[in-house]
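# Understanding the architecture of this molecule
Take a look at the letters that make up each chain.
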Amino acid sequence: MSSISIFAGSVYGNAQHVSEEVQNMLSDKGIQSEVFSDPDESDFIAAESILVITSTTGQGDVPPNLELFYSDLRDNFPLMNGKPFAVAALGDSSYGDSYCGGGRQFYDLMLELQGKSVADMFEVDAIETLSAEDEVVPWVESIVSELQV
Ligand SMILES: Cc1cc2nc3c(=O)[nH]c(=O)nc-3n(C[C@H](O)[C@H](O)[C@H](O)COP(=O)(O)O)c2cc1C
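All of the points below concern the structure found in this document. (Residues numbered from 1 in each chain as written. Predicted model: local features only at pLDDT ≥ 70, side-chain atom pairs only at ≥ 80, totals over all residues.)

### Concerning the packing of helix 1 (residues 14-28) against helix 5 (residues 133-147)
Here is the rule: Between N-to-C directions, angles span 0 to 180 degrees; the directions come from axes that are lines fitted to C-alpha atoms, helices contributing only their stretch in contact. A run of DSSP states H or I qualifies as a helix once it reaches four residues; a run of E qualifies as a strand once it reaches two. Both are numbered from the N-terminal end. Convention used here: angles under 35 degrees read as roughly parallel, angles over 145 as roughly antiparallel, angles from 65 to 115 as roughly perpendicular, and any remaining angle as oblique. Left-handed describes a crossing whose near helix is turned anticlockwise from the far helix by less than a right angle; the clockwise case is right-handed. By definition, residues are in contact whenever their C-beta atoms, placed on the basis of the backbone, come within 7 Å of each other. Under the grouping applied here, Gly and all other residues not named as nonpolar or charged are polar, the nonpolar ones being Ala, Val, Leu, Ile, Met, Phe, Trp, Tyr, Cys and Pro and the charged ones Asp, Glu, Lys and Arg.
It is the contact of helix 1 with helix 5, at a shortest axis distance of 9 Å, that shows an interaxial angle of 40 degrees. One element, helix 1, and the other, helix 5, form an angle in the oblique class. Considering how the two elements wind past one another, helix 1 and helix 5 form a crossing that is right-handed. Residue-level inspection shows His 17, Val 18, Glu 21, Val 22 and Met 25 of helix 1 in contact with helix 5, the latter providing Glu 133, Val 136, Val 137, Val 140 and Glu 141. Looking at the contact of helix 1 with helix 5, its residues break down into six nonpolar, one polar and three charged.

### Remarks on the environment of Lys 29
Quick note on the threshold: Backbone-placed C-beta atoms define the burial measure: a residue is buried with 20 or more other C-beta atoms within 10 Å of its own, exposed with 12 or fewer, and partly exposed in between.
Checked against the element boundaries, Lys 29 lands in the loop between helix 1 and strand 2 (33-36). Classification of Lys 29 as exposed rests on a count of 11 C-beta atoms within 10 Å. Each C-alpha atom of the pair Lys 29 and Glu 141 lies 9.6 Å from the other, and the pair is 112 residues apart in sequence.

### Re the nonpolar core
What counts here: What makes a nonpolar core is a set of buried Ala, Val, Leu, Ile, Met, Phe, Trp, Tyr and Cys residues, with links drawn between C-beta atoms within 7 Å.
One finds Ile 6, Leu 51, Ile 53, Val 87 and Val 136 to be the most contacted residues of the largest nonpolar core, which totals 38 residues. Broken down by secondary-structure element, the contributors of at least two residues to this core are strand 1 (4-9), helix 1, strand 3 (49-55), helix 3 (64-76), strand 4 (84-91), helix 4 (101-112), strand 6 (122-125) and helix 5. Looking at which element gives the most residues to this core, the answer is strand 4, with six residues. Leave out the neighbours within four places in its chain, and Leu 51 touches Ile 4, Ile 6, Ala 86, Val 140 and Leu 147.

Structure representation (structure tokens):
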């Protein structure tokens, strides 16, 4: 069974915490995973399957800890050749058009890189949910077999 690389984009720790809870759940199932909070492109290339769990900052922006990573992927365009991926986006719908924009940027980029999307982007709205992990962990559980190649 393949390992899942979790790329966590977080400003205030929410998405980081969710990523760690997802890792705990995977570990309980005997599935190997690693959380990357300061990744570079080589981590992306080496990944067997990819889960991005990211919040949004500014006006639809990727959190600073993934900014360079995102722009390197954009610039260098490492094709994924069908590598499976999924994105969970933490946001706040009061931001209107930029709702979950950070997650959306990753989702769209990985489609362009010819990754295989195993699920629609999963959105968690801070207005409706206080503990994002209660939504994201079961969602990952429901798609984990698709993520594993
Ligand atoms: C300064 C600031 C800007 C934000 N901008 C957006 C935004 O443009 N779109 C959105 O959906 N959420 C936005 N959010 C909401 C966060 O993405 C949301 O609260 C998220 O749960 C924070 O997770 P984190 O602690 O991992 O950063 C913003 C929050 C702050 C404080």
